Amino acid sequence: LTPFVYPFGFITSVDAAGLSVPDLCQKFVNDTNLLKSLAMKKEVDFDFNGLHSMVYGYIRSLGWRRGLTVSFPKANASVRVYHENWLSAMWE
């Protein structure tokens, strides 16, 4: 695999109050709580099972009969931003 990132990805919010991503960032900046944090979780909407089947089938069609594992690891799946202070250090 390559480090290429598809340029037409998007970020959406799943906030219960229906806030957009810029609104959530502004809310985080304005909050005075010492335990505030902002988290982002990467979700890739792609048919990995179909790709797995195609790669697995192709390698088997080449004649490979030994053990075979095909996986697609997800790097940097989550990001968490928090205010660095003694209280949040205890919380971590």
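What counts, and where the lines are drawn
- Per chain, the residues get numbers from 1 upward, laid out in the order the sequence is written.
- This being a predicted model, a pLDDT of at least 70 is required before a residue's local features are given, and a value of 80 or more before pairs of side-chain atoms are given or counted; all residues contribute to the totals for chains, interfaces and linings.
- Working from all heavy atoms in the structure, the side-chain values ignore hydrogens and water.
- Secondary structure is summarised from DSSP: a helix means a run of H or I of at least four residues, a strand means a run of E of at least two, and numbering begins at the N terminus for each.
- Think of it in three bands: with a 1.4 Å probe and only protein chains considered, a residue is buried below 20% of the maximum accessible area for its type, exposed above 50%, and partly exposed in between.
- Between 30 and 60 degrees the pair is tilted, below 30 it is stacked and above 60 it is edge-to-face, where a pair is any two Phe, Tyr or Trp rings, Trp via its six-membered ring, whose centres lie within 6.5 Å.
- Remark: a charge is flagged as sitting over a ring if the NZ atom of Lys or the CZ atom of Arg is within 6 Å of the ring centre and within 35 degrees of the ring normal.
- The contact criterion used is simple: two residues touch if any of their non-hydrogen atoms lie within 4.5 Å.
- Expected span of a helix: the number of residues minus one, times 1.5 Å.

**Topic: unusual backbone geometry**
Here's step 1: Positive phi is not limited to glycine here, since Asn76 has a value of about 50°.
Here's step 2: Its place among the elements puts Asn76 in the loop between helix 2 (48–61) and strand 2 (78–82).
Here's step 3: Classification of Asn76 as exposed rests on a relative accessible area of 67%.

**Considering the environment of Glu43**
Here's step 1: Along the chain, Glu43 falls in the loop between strand 1 (37–41) and helix 2.
Here's step 2: Owing to a relative accessible area of 64%, Glu43 belongs among the exposed residues under this scheme.
Here's step 3: Spatially, the C-alpha atoms of Glu43 and Lys74 are 9.3 Å apart, while their sequence positions differ by 31 residues.

**Section: the packing of aromatic side chains**
Here's step 1: Inspection of the entire model under this criterion finds 2 aromatic pairs.
Here's step 2: Ring geometry for Phe46 and Phe48: centres 5.1 Å apart, planes at 65°, overall edge-to-face.
Here's step 3: Ring centres of Phe48 and Phe72 lie 5.6 Å apart, and the angle between their planes is 35°; this geometry places the pair in the tilted category. Placement of Phe48 in helix 2 and of Phe72 in the loop between helix 2 and strand 2 is noted, with a sequence separation of 24 residues between them.
Here's step 4: For Phe48, a relative accessible area of 33% corresponds to the partly exposed category.
Here's step 5: Since its relative accessible area comes to 24%, Phe72 is described here as partly exposed.
Here's step 6: Each member of the aromatic cluster is reached from another via a ring pair, and the members are Phe46, Phe48 and Phe72.
Here's step 7: Lying across the ring of Phe28, Lys36 places its NZ or CZ 4.7 Å from the centre.

**Quick word on the environment of Lys74**
Here's step 1: Relative to the helices and strands, Lys74 resides in the loop between helix 2 and strand 2.
Here's step 2: The class for Lys74 is partly exposed, based on a relative accessible area of 47%.
Here's step 3: Residues Lys74 and Lys42, spaced 32 residues apart in sequence, show a C-alpha to C-alpha distance of 8.6 Å.
Here's step 4: Contacts of Lys74, omitting those with residues within four sequence positions, involve Lys42 and Val44.

**With respect to helix 2**
An α-helical turn contains 3.6 residues, so any two residues separated by three or four positions project in the same direction.
Here's step 1: The terminal C-alpha atoms of helix 2 lie 20 Å apart, and with 14 residues this matches the ideal 20 Å at 1.5 Å per residue to within 8%.
Here's step 2: Just downstream of helix 2 lies Gly63, where phi reads positive at about 105°.

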